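Chain by chain, the residues:
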Amino acid sequence: MDNLRGGRRMTTARLFLAVLLRQTALTLRLNFRTPLAVTYGYLLPVVFLFAFAGIFRTGRPPLLAEIGQLLTITILGSAALGLPTALVAERERGVWRRYRLLPVSPAALVGGALVARFVIVAGAVALQLALAHVVFGTPWPENPAVFAAAFFGTTFAFLGIGLLIAALADGVPAVQALGQCVFLPMILLGGVGVPLAVLPGWAQRLAGFMPGRYAVTALQHGFETVRGPIGLGFALAAIAVVGAAVTAIGLLLFRWDNSFRAGRREYFGTAVALVAWVGVGLCAAGTGRLQPTLPPGHEWREITDAQIAAITYENLPGDDELVTRLAPPLARPLTSARLAAIDERLPAWVAAEANNSGEVIRHLVGLATIADLAQDPQEGEIARLVFDYLRATLPEPQLRRGLAWIVLRPDDGTMPTSAPALGFRREIDENALRNRAPLYAQKFLGRLTGQLRER
Amino acid sequence: MSASSPPLACIRGLVKRYGATPAVAGIDLAVHAGEIVGLLGQNGAGKTTVFECLLGLRTADAGEILLGGIPVRQHPRAALRSVGAQLQPSALQDKITPREALSFHLAVHGIRAGADELLARFDLVEKADARFETLSTGQRQRLALALALAHRPALLVLDEPTTGLDPQTRRALHEILRAHRASGGGVFLSTHDLDEAERLCDRVAILHRGRLLAIDSPSALIARAGEATRIAFRTARLLPPEALAALAASRGAAREGGDSVASGSYELRTTNPTNALAMLSRMVEAEANSLTQLQLTPPSLEDAFVALTGEQWTTSAEAAA
């Protein structure tokens, strides 16, 4: 008996690819034949879109500020809940046990299921974006390459979570229970459903230990420049680390047969995967990236002492380093004629904003930042001059709030991009200024609160 | 298949434990080309574990398993290439059609065509594009068998392939298995139907509490068990006790069942039915009595099973109840 007499056969590599594509196509076809899967995969995201549009109807452009959250919910639901539900339902029927008997690499079969789910997620996201654009006028991603990277990374990470849930759950009801354990905390406390800015400080810090926060940030970067302590690079890296950990362990623990129950091996694997989450959170906290976030339009005068106390000072550049130099306290009277001239003209320079101390503080910190970005030979001394001026002219509680406002809301208020009256004629990029200014604000604030000491 | 070819399946010293409980306690078994081997055992005897270890779904604690001469543990994919297995006929997605299932299965084996031929061969043409959830039990079993045979494997491994089938479908399935055997293939199946095992299998392995008690042809197993032919009869009037005692004491005959006397029904077991029948006939004549019913049942695999295990055979339905 010759089991090869079936005739034309393919090489191993071509067979792998053929099986991967076949499995992808078959999974997609079966998904679209299941009304519940279509409802969950496509109708629910549309409902979410309209719900978000109703809740955040005042945003301009519409939904732009919330688009990262909206897409993260869609990806999380389809990848981290939809995937394990489908996998475990098939496993309960014995489908994966039968697949195990096929003489083909398991990677082709599992890979096909993952690629199919990726396509389903991509379809739901595309549908949401198209509807948001057509119905509400939400702009398309400003930076498609960044958006694509964020989408791939987020979907990869959440598919990994889905694989891990499938490995842990003994049945579909268990998938729902475990899935909600991931889904609900991320929605409510992770900055995915409830905006981060309205959460209390402890919840904002907790969100730093959940991948949802980084997914929202990364996706939002695709649509607009997001300023804050968590930049695009860190958000993408966080998603990649969490994604790699959960996917690797999810694949390692993949269960083909429902008669095998989750045991110590599965729980240990899950603990290892969670170490990656905690590691990312600790890394963000250790590098000062878990600063509290204020809601848009938050009045700087209402910033509380607790919010100021929650600001951290880890990983600030040193006062002698290349960026945000800060000279030691200056001897008075000033010996440098240039510094003395600047010092003399400062009151007039901020006079236009005199009725709003918050704006005065932002402008003065902006001036120090202009000198820094312009690589002025006296950048450190100018920063010190600004700090001395702020302390001399403003009551300390007010100054603390104004500096915290720059740290917590770098995009708020106005930011000067040059100061010709003070001799800084060169225009500096506003984005760069808004990214750098919070560092000076932190250095000043840290000295006021005693968290940082003078050299 | 040449005489020197390795067995299609070879199990040596297989041991599998679940915790401290031994599910399979050291069995040796081989399935050769051109034979159908049946695995008989009650629920919990270890049949499923044997199949799962054979197919690499579970790792044995000890022993060696070869498929077509290839060790399953070391080279599972290469070993499984020569095998078609059906362990659970419902192991398909609800929304898949028989055509899709067969096409996918063939594609996974690197075969580009053949689904239509299989659909025709297994009488599934009318249901080719129907969803699996709408198929009857028989159609599902036929599809499962079509999948197992699709890539023309040398060995078929089937776990209770005829359970729940109507007699017509069951006969058709037997023909398919016989045809596979005739073409040089081998079949290793488990069944809860002892008649089926006796009629279909060339050799039967009796598994009891994880141990292989015997493996031989059904007739050899029955002969080895030394079981007797059953003679059941009724008489017009009750037989006197001394006549029954004489009958019981006669050559090779033994009386069975005391209460049968009251009802006028009798049952004898004998290893020499010719003499027993002659004696019964003479006795009834001498008593001016007459036989109103007579049934002769030769010894069966069930008798062999009972003799070997010391336990009554339970059908799958009885076990489920």
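Residues numbered from 1 in each chain as written. Chains lettered and ligands numbered in written order. Predicted model: local features only at pLDDT ≥ 70, side-chain atom pairs only at ≥ 80, totals over all residues. Heavy atoms only, no water.

Points about the overall build of chain B
So, step 1. Within chain B, the secondary structure is distributed over 13 helices and 14 strands.
So, step 2. On the principal axes, the C-alpha backbone points of chain B span a range of 75 × 45 × 40 Å.
So, step 3. Looking at chain B residue by residue over its 321 residues, the buried ones come to 50%.
So, step 4. Accessible surface computed for chain B: about 13,900 Å², of which carbon and sulfur atoms make up 49%.
So, step 5. Averaging the positions of the 33 positive and the 34 negative side-chain charges in chain B gives two centres separated by 5 Å. (Helix = DSSP H or I, 4+ residues; strand = E, 2+ residues; numbered from the N terminus. Buried < 20%, exposed > 50% of the residue type's maximum accessible area, 1.4 Å probe, protein only. Areas by Shrake-Rupley, 256 points an atom, 1.4 Å probe, with all protein chains shown as cover. Lys, Arg positive; Asp, Glu negative; His and termini not counted. Charge placed at Lys NZ, Arg CZ, Asp CG, Glu CD.)

Quick look at the overall build of chain A
So, step 1. For chain A, the count of helices and strands is 17 helices and zero strands.
So, step 2. A principal-axis box enclosing the C-alpha atoms of chain A has dimensions of 100 × 45 × 40 Å.
So, step 3. By the burial criterion, 54% of the 455 residues in chain A qualify as buried.
So, step 4. Measuring between centres, the 42 positive side-chain charges of chain A sit 13 Å from its 32 negative side-chain charges.

Let's talk about the interface of chain B and chain A
So, step 1. On the chain A side, the residues contacting the 42 residues of chain B number 36 residues.
So, step 2. Salt-bridge contacts for Glu-100 of chain B lead to Arg-29 of chain A; the nearest nitrogen and oxygen are separated by 3.1 Å.
So, step 3. Counting across the interface, chain B meets chain A through nine residue pairs in polar contact (both at pLDDT 80 or more).
So, step 4. Of all the secondary structure elements, the ones that give two or more residues to the side of chain B that touches chain A are helix H2 (76–80) and helix H3 (98–108) of chain B.
So, step 5. The element contributing the most residues to the side of chain B that touches chain A is H3 of chain B, with six residues.
So, step 6. Split into classes, the residues belonging to the side of chain B that touches chain A amount to 17 nonpolar, 15 polar and 10 charged. (Contact = heavy atoms within 4.5 Å. Salt bridge = Lys/Arg side-chain N within 4 Å of Asp/Glu carboxyl O. Polar contact = N/O pair within 3.5 Å; in protein donor to acceptor, adjacent residues only side chain to side chain. Nonpolar A, V, L, I, M, F, W, Y, C, P; charged D, E, K, R; others polar.)

A closer look at unusual backbone geometry
Residue and element names in this part refer to chain A.
So, step 1. Going from Arg-332 to Pro-333, the amide bond is cis rather than trans, its omega being -10°.
So, step 2. Examined against the element boundaries, Pro-333 turns out to sit in the loop between helix H12 (305–309) and helix H13 (337–349).
So, step 3. At Leu-63, a position not held by glycine, the phi torsion is positive, near 65°.
So, step 4. For Leu-63, the location among the structural elements is in the loop between helix H2 (35–55) and helix H3 (67–93).
So, step 5. Residue Thr-324 is not a glycine yet carries a positive backbone phi of 50°.
So, step 6. Along the polypeptide, Thr-324 turns up in the loop between H12 and H13.
So, step 7. A relative accessible area of 0% places Thr-324 in the buried class.

Comments concerning the pairing of strand E2 (residues 21–31) of chain B
Residues and elements named next belong to chain B.
So, step 1. Alignment of strand E1 (residues 9–18) against E2, held across eight bridges, turns out to be antiparallel. By the bridge assignment for E2, Leu-14 is matched with Ile-27.
So, step 2. What sits between E1 and E2 in their antiparallel hairpin is a turn of two residues, with Gly-19 showing a positive phi close to 70°. (Pairing = 2+ DSSP bridges.)

Quick look at helix H15 (residues 379–393) of chain A
Residues and elements named next belong to chain A.
So, step 1. Along its 15 residues, H15 runs 21 Å from first to last C-alpha, staying within 8% of the 21 Å computed at 1.5 Å per residue.
So, step 2. Counting buried positions along H15 yields 11 of 15 residues, so the element is predominantly enclosed.
So, step 3. Considered for burial, the residues of H15 that qualify are Glu-379, Gly-380, Ile-382, Ala-383, Arg-384, Leu-385, Val-386, Phe-387, Asp-388, Tyr-389 and Leu-390.
So, step 4. Close packing links the buried residues of H15 with H13, helix H14 (357–373), helix H16 (396–408) and helix H17 (430–449). (Expected span 1.5 Å × (residues − 1).)

Considerations on the sheet that holds strand E8 (residues 186–190) of chain B
All names here are of chain B.
So, step 1. In spatial order, the strands read E6-E7-E8-E3-E9-E10; together these six strands make up an open sheet with mixed pairing. Every other strand in the sheet has two partners, leaving strand E6 (83–86) and strand E10 (211–216) as the edge strands with one partner each. Averaged over all neighbouring strand pairs, the angle between strand axes comes to 15°, with direction disregarded.
So, step 2. The pairing of strand E3 (residues 36–40) with E8 spans four bridges and is classified as parallel. Residue Gly-38 lies in a different strand from E8, and its bridge partner there is Leu-189. (Axes fitted to C-alpha atoms, helices over the stretch in contact; angles between N-to-C directions.)

Details of the environment of Gly-263 of chain A
So, step 1. Mapped onto the elements, Gly-263 of chain A comes out in the loop between helix H10 (232–252) and helix H11 (264–286).
So, step 2. The spacing of Gly-263 of chain A and Leu-168 of chain A is 95 residues in sequence and 8.4 Å in space, taken between C-alpha atoms.

Here's the deal with the sheet that holds strand E4 (residues 62–67) of chain B
All names here are of chain B.
So, step 1. As summarised here, the arrangement of the four strands in space is E2-E1-E4-E5, forming an open sheet in which the pairing is antiparallel. Of all strands in the sheet, those with a lone pairing partner are E2 and strand E5 (70–71), marking the two edges.
So, step 2. Packing against the sheet, helix H1 (residues 47–54) makes contact with E1, E2 and E4, and its axis sits at approximately 120° to E1.

Considerations on the pattern of salt bridges
So, step 1. Inspection of every chain in the model, using the stated rule, returns 31 salt bridges over all chains.
So, step 2. When salt bridges with common partners are traced through the structure, they connect Arg-97 and Asp-257 of chain A together with Glu-52 and Arg-58 of chain B into a single cluster.

Here's the deal with helix H9 (residues 241–249) of chain B
Helical geometry note: an α-helix holds 3.6 residues per turn, so side chains three or four residues apart project in the same direction.
Residue and element names in this part refer to chain B.
So, step 1. Where H9 is concerned, the buried positions are Ala-243, Leu-244 and Leu-247. Buried residues along H9 cover an arc of 100° about the axis, so they all sit on one side. Along H9, exposed side chains directed more than 90 degrees from the buried face belong to Pro-241, Glu-242 and Ala-249. (Arc of directions from axis to C-beta.)

A few points about the nonpolar core
So, step 1. Membership of the largest hydrophobic core comes to 126 residues, with the highest contact counts inside it found for Trp-96 and Tyr-214 of chain A together with Leu-177 of chain B.
So, step 2. Filtering out sequence-adjacent residues up to four positions away, Tyr-214 of chain A remains in contact with Gly-208, Ile-230, Phe-234, Ala-235, Ala-238, Ile-239, Val-280, Gly-281, Ala-284 and Leu-290 of chain A.
So, step 3. Formed by 51 residues, the second largest nonpolar core is a distinct cluster that contains Ile-342, Val-360, Ala-368 and Leu-445 of chain A. (Core = buried A, V, L, I, M, F, W, Y, C linked by side-chain atoms within 4.5 Å.)

Structural notes on the packing of H13 of chain A against H15 of chain A
Relative placement of two packed helices is described by the angle separating their axes and the distance separating the axes.
Residues and elements named next belong to chain A.
So, step 1. For the pair H13 and H15, the least separation of the axes is 11 Å and the interaxial angle reads 35°. Helix-helix and strand crossings are classified by hand; for H13 and H15 the assignment is right-handed. Taking contact as the criterion, the partners of Arg-338, Leu-339, Ile-342, Asp-343, Leu-346 and Pro-347 in H13 are, on H15, Glu-381, Ile-382, Leu-385 and Tyr-389.
So, step 2. Of the residues belonging to the contact of H13 with H15, the class tally is seven nonpolar, no polar and three charged. (Left-handed = near helix turned anticlockwise from the far one by under 90°.)

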